[in-house]
Amino acid sequence: ELVGTGRIFGLAARAGIGKSTAAAWAARQATEDGAFTAVYWLQFSRDAKALSLLRSLVTDLGCGEQVERRDLRGRGKQVEQASDEKLVALLVMNLRERGRVLLVLDDVWTPAQIEPFKNLALKLSRSLTLLFTTRKVDLFDGDTR
């Protein structure tokens, strides 16, 4: 089942049916057709934390140094200490400069895992498309159905 509105889409099916393969094919085709200038892939799992994957994306995109700053004692504040709101703000600034971006979230298990990424997609509604795969059909709520 592929459902979505706006720029947030989900592909839901039981395990082993080929959701990840379909998402990879769609990402490849859309890039070759020029629909996207960049594709980023984040691999989730049952125990994955959204904040950890946000941090990983910030680091991979090279915008981690923007989050480092000095507090009154002169200690640096690292990516690991940044809130999800701060990380989303950094990603908004960074991804906006990259053109049309597809962000694939593979194997999402819970609403909490996808929520910060939905916020990111809503803030970048003209330049970011979010595609997630899941085994949990009940993961779809009013925002994505």
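Located above this text is the structure these notes cover.
Presented here is an overview of the structure given in this document. (Residues numbered from 1 in each chain as written. Predicted model: local features only at pLDDT ≥ 70, side-chain atom pairs only at ≥ 80, totals over all residues. Heavy atoms only, no water.)

**Some words on the overall build of the chain**
Helices and strands together make up the secondary structure of the chain, namely 4 helices and 5 strands. When the elements of the chain are put in sequence order from the N terminus, they spell out β-β-α-β-α-α-β-α-β. By residue count, 42% of the 145 residues in the chain fall in the buried class. When contacts within the chain are restricted to residue pairs at least 6 apart in sequence, those whose partners lie at least 24 apart make up 73%. (Helix = DSSP H or I, 4+ residues; strand = E, 2+ residues; numbered from the N terminus. Buried < 20%, exposed > 50% of the residue type's maximum accessible area, 1.4 Å probe, protein only. Contact = heavy atoms within 4.5 Å.)

**Topic: the pattern of salt bridges**
The final tally for this structure, using the stated rule, is 2 salt bridges. Here D107 makes a salt bridge to R135, at a shortest N to O gap of 3.6 Å. With D107 in strand β4 (residues 101–108) and R135 in the segment after β5 (128–134), the pair connects residues that are 28 residues apart, well separated along the chain. By relative accessible area, D107 is classed as buried at 14%. (Salt bridge = Lys/Arg side-chain N within 4 Å of Asp/Glu carboxyl O.)

**Observations regarding the environment of A22**
Looking at where A22 falls in the secondary structure, it is placed in helix α1 (residues 19–32). With relative accessibility at 33%, the residue A22 sits in the partly exposed group. With 111 residues separating them along the chain, A22 and T133 place their C-alpha atoms 9.4 Å apart.

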